[in-house]
Structure formats: structure tokens, C-alpha cells
Amino acid sequence: MPVHGKSLFVTAGGILFIVICTSFITVPVLNASTKDELLYQAYCSSCHHPQRMGTTASALLPALLKNLSDKDLADIIKNGLPATQMPSFDYLNDEEINMIVAFIRKPMSVEWKEDDIKKSLEITGGDAEPLKIKDIKNLIVVVERGINRVWVMEGDSILDKFDFSNIHGGLKFTPDAKKFFIPARDGWVGMYDTDRGFYGRIRVCVNLRNISLSRDGSRLFAACILPEAIVAIDVESIKKGSDPVLKVIPVKGKINAIYELHSRDEAIFTFRDKPLIGIINTKSLSIDYIKIMNPFDDFFIDPLDSYVIGSSRNGKLLQVYSIEDRKQIFEYPIESMPHLFSASYWYDKGSFYFATAHIGKTYLTIWRMYDWAFLGKIDVGGSGFFVRTNSNNPYLWVDNGSDELVLIDKRELSQKRIVPVKGKKMMHTEISGDGGTAYLSIYENDGSLIVYDALTLKEQKRFPASLPVGKYNFVNKNRRYDPIQLGGEVFRQKCWGCHHPTYEAFGPSFRWIYENSNENMIRAYITNPQTAYKTLGYAKATMPEIKTGAEEVEFLLSFIKESANAKDN
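Please read all numbers here as calculations on a predicted model, not as lab measurements.

Participant: Please explain the environment of S466 as it appears in this structure.
Facilitator: Inspection of the secondary structure puts S466 in the loop between β35 (459-464) and β36 (468-473). The class for S466 is buried, based on a relative accessible area of 13%. Sequence-wise, S466 and N148 are 318 residues apart; in three dimensions their C-alpha atoms are separated by 9.1 Å. Non-local contacts of S466, meaning those with residues more than four positions away in its chain, are made with E144, R145, G146, I147, E444 and N445.

Structure follows, in C-alpha cells:
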């Protein structure tokens, strides 16, 4: 939205401009002929698009607004929306606000068919030099919203930059991190290859919520609001410049988001306006549904792909649904989570936990997973969006809507606070794949991206940046690594004394174990070594019996499997 201030109208070359006097910004207004349209173009179009199709904010079309009364819309314009980037326009009078409401109620027809998707494919560039990446797990992509620019980084080095507008919904990496895809609010999806650079884009719809990839990275799925559909795209066909559209799957409702399962060929999606969890088979493209109590505005999937944890912004209830059993298994009365995948997980002393913030509340909450229990609240001094961590890092990194970074020790739940830049809003921390580097956004027009040593908490480098927002590390944004990271924490607390991932210690390396056993044998030996040694043909049991729960075994198995492919260290 434009910066607050008085405005005057100027024409130049037949194009009307609104000049925001206090900020020296000019915003073009195309074909505006009535006062209601002039107001919309002056105060709304920079985020919601001149034709109301949505850019950095949602589309403002009657089909998307039917559940909101005129009073609801007027209140949103006047007071803003919590847990979003929608500011307050309380300096507009009631007449002006009502005129904007009337304008966005005007009907518009929206169509975007399969043939439109095919024709939109643009293959450009792709002739850059391969990036010199030392460790692909530390690859991180940064979105600089203020100038619509994307940075590709490793450590404190910028490897590449390119322009892409209206990014929204989170980048997605292929399993090998060689490619990533960038979604935009207006339906465009950009493509980047670490060996070729930015190489094209395709417009999958008019208004897009987010994208997901199949677990093998061969198919891209776009959750579209306009038209209401899931669009399935063949990734290899995009690269070749041939017809990439596998299927446009109409859905009845406003999709909230779609996320892949790492353990099987399925993805999960929810609706803003329907109490359903959708499960799409990423091979056959068939869809099944779980009926739930309330629509899930914000949700996440547990690291074992067994449960969906969600909340509704119109209710005060956190709920857990079993994907396999298709039923609710836990609920607790509390305010909604503030964002999709706002939570982070960790392990300590035999239990798995998650923490999340809540809309409009100055606390985050701590929960135990798998035997599901609410454990308590921690006051963090303000209302933020995300809790972030890494299995190799001792802290939960929390933003609280102010200039503070809140760090909570995962073992003791004690906290400390850092002020990166006094009086400037800090938000959206991301951690490198090895847990050693943290990236913080100072979310201002004249803001910055600050790189910290995530263990010593010392600043390493600072880059000027205009409204830096999302940051995406390959490991932390690839759901396949969630069980591996938690398995690493189990290993360090229960196996470290006798085993090493890649070298023989008192016991064989995890690499050797995986290469010389099958998964069922490994499970049996972990859970009951005093019996399993006979079945496996060993002369005696050398491994002590260590109490492990079913989830600990599965997470540990993921870590053992990953160790088979790990570098020697």
C-alpha cells in the first residue's frame, strides 16, 4: 500500500497519477474515471492489482468476498488485519471507505483455461554459469519484497540475484536442490536451476495461494483461488518447453494451501470456506476428503506424515486429525495459529514437541506430540508469526512483532532477547541446514538482511535490503528432512556413546548398519536387542536395551538411512 499522506491528482500523457506528497511516490492509475476507482487505485492497487487480480495481497473480486459483509470490508480497510501485511487506513473518512467497498463489489468475470496455461509458458535465459555451492544443504533463497528481487545465498555470500514480482506462498525445491520454483500471487510460477540460473515462468491461474512438488520432484501442484482448481504440471516438460499441463482439477471452494507428504505419493490441502481436508494422490491425481469440524485456515503436518494439526481464524480451537484413520484425535481451546506451518518441532528426553505463536497474542505455546498434550505458554512480549529452529541449534528463534528477536532454549525453555536494529521491525528468521547460520529480516523499506552466527549469536554480515521477507533453506523447507533432523536429535541423546553416523566406534557405524541390514531388522534390534540378536544370527547381544518409543524408532531409522549417503566427517 502507498505510504500514508495527503494526495493530489496529476495527469501526464493522458495517464492519471496519484502523488503521495509525504513520500514522493507516484502510482499510475490506468483508465480511472470515477471517484471510487480513483480511491481504489490510490490506496489499494499497489498490493491488490489495478484490475483487482491481486499481487502481493489477495484478489478483490466478488467471488472471493461473498462471505464478508460491507461492514466487515469497511472495518478491514479502516483497522487493518492482524497477522497480515494489511495496514490500517484510518485516515480515510467513512464516505471514502464505503466508496472503495462499493468498487470492489463490482462484478468481474475471471477465466483461465488449460490452453491459457500452455500459451503462457516462457522459456528465457538459462545460460548462466553454474553456482559454486560448497554444501547444497546450506543453500538459502531470500525474497526482497520491496524491489521484487530474489537472492540465492550460501553462508554470508550472495551467489546470484534475479527479479520476480509479487512472490507469495513459499518457494519449493526439488529433492536434489538443483531447481526451485517461485510462486506469485498473480498466478505466475518462476523456475530457477542452480546450473543455469532463472530460465522461465508459467502462469497457472489468475490468483494463486501456493505450490507444492510431488515427493520425487517430477510434478508441480498449484493451489489456485481463481479459478478454483488444483493445477498439475509436469516439471520435465517445462524444462523442454513442451506442453506441461497434466490436468486442471476443479474444486468447489477456496483452497488455503497445499503441501506434499514426503513418505508417500500424496499431498494435503485445506479450504478457507469448507470444513474439509483434501488428500490428492500425486500419481493418479484422484482426491479424497476428510470431514472436519471447522475450516483450517492455518495448519501443518507432523514430521511422520501421520497427522494434520490446524486451527480456524473464526474459532478458538487447535485440532489434530489422523490422516490414516480420517478422524480427530485431539483438540484444545486456544486462539488460532498465525500462519501456515508457523510451528517448529524438537526432541528432548524421550518426547517430541512443537511450539507455535497465536494471532494477536503475546505468547507462544508448547505442545507434546504423539501423545498430544498442551504443556503451557511462554510470554514473548509481542505477537509474531513464526517459530524456527534446526536440530543442530539449541534455540527456538521467535519474532514478536517488534524490533526484538526472542531466543528460547529448547531444553530449559528459558529465554533471552536481542535487538538487531533499535526501533526497526525484526521478522522471519531462517536457519542454515547445518544449524550454524541464522538469517534475520529487518522489515523496513530501508531495511536489511542480517547474517548471524547461530551458536555464538554474533553478527557476521549485514546487507541493505528493501522489505526482506521470506527466506528458504533447502533442508528446513524440504519436508523429507523433518524426520531426519529429529532422528539426529534422538541419536545424540541415546546412541552417541556407541555409534557414529559414518565411522566405526564402539559399535558399527550407522552407514554400515543400513548397508548390511533391512529396515525391519534395524527396528527389531533397536526395540529388543536381547531377542533380536538370535534372529539375526549373532553369537550374543552386545547392544544394551534402551527404552525407545515407536516414533523414536521411526525418526532414528530416517537418520540411519540418511547416514548411508552422508559424507565422511
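Participant: Help me understand the pattern of salt bridges in this model?
Facilitator: Side-chain pairing between opposite charges can occur once the charged atoms of the two side chains come close. Inspection of the entire model under this criterion finds 31 salt bridges. Put simply, R462 and E459 hold a salt bridge, and the shortest N to O gap is 2.8 Å. E459 gets classed as partly exposed once you look at its relative accessible area, which sits at 37%. Through salt bridges with shared partners, a single network forms among E114, K118 and D243.

Participant: What's the story with the nonpolar core in this structure? I'm lost.
Facilitator: For soluble globular proteins, nonpolar side chains are generally found buried alongside one another. Judged by nonpolar contacts, the single largest core of 76 residues is most densely connected at F180, I268, F299, L318, F354 and W372. At six residues, helix α12 (residues 550-563) tops the list of elements feeding residues into this core. When residues of this core are assigned to domains, at least three fall in each of domain 2 (345-478) and domain 3 (496-565). Residues in contact with I268, not counting those within four places in the same chain, are A257, I258, Y259, L261, I277, G278, I279, F299, I301, V308 and I323. In this structure, I202, L220, V231 and V245 belong to the second largest nonpolar core, which totals 20 residues.

Participant: Help me understand the domain arrangement of the chain in this model?
Facilitator: Size of an interface: often given as the accessible area lost when the parts come together. Under the domain assignment, the chain is made up of domain 1 (35-105), domain 2 (345-478) and domain 3 (496-565). Spacing between the C-alpha centres of domain 2 and domain 3 amounts to 34 Å.

Participant: Quick question: what am I supposed to make of the sheet that holds strand β6 (residues 149-154) here?
Facilitator: Whether parallel or antiparallel, the strands of a sheet pair through hydrogen bonds between backbone atoms. On the basis of which strands lie adjacent, the open sheet formed by four strands has the order β7-β6-β5-β36 and antiparallel pairing. A strand with exactly one partner marks an edge of an open sheet, and here the two such strands are β7 (157-163) and β36. Here the strands of the sheet are splayed against their neighbours by 20° on average, with no regard to which way each runs.

Participant: Can you walk me through the side chain of D403 in this structure?
Facilitator: Here D403 lies in the loop between β29 (395-399) and β30 (405-409). Of the side chains with opposite charge, K422 lies nearest to the buried D403, which makes no salt bridge, at 4.5 Å. In this structure the side chain of D403 is engaged in a polar contact, spanning 2.9 Å, whose partner is the backbone nitrogen of G423. Apart from residues no more than four positions distant in its own chain, D403 is found in contact with I418, V419, P420, V421, K422, G423, K424, K425 and M426.

Rules behind the numbers
- Residues numbered from 1 in each chain as written.
- Predicted model: local features only at pLDDT ≥ 70, side-chain atom pairs only at ≥ 80, totals over all residues.
- Heavy atoms only, no water.
- Helix = DSSP H or I, 4+ residues; strand = E, 2+ residues; numbered from the N terminus.
- Buried < 20%, exposed > 50% of the residue type's maximum accessible area, 1.4 Å probe, protein only.
- Contact = heavy atoms within 4.5 Å.
- Salt bridge = Lys/Arg side-chain N within 4 Å of Asp/Glu carboxyl O.
- Core = buried A, V, L, I, M, F, W, Y, C linked by side-chain atoms within 4.5 Å.
- Domains from an automatic or database assignment.
- Pairing = 2+ DSSP bridges.
- Axes fitted to C-alpha atoms, helices over the stretch in contact; angles between N-to-C directions.
- Lys, Arg positive; Asp, Glu negative; His and termini not counted.
- Polar contact = N/O pair within 3.5 Å; in protein donor to acceptor, adjacent residues only side chain to side chain.

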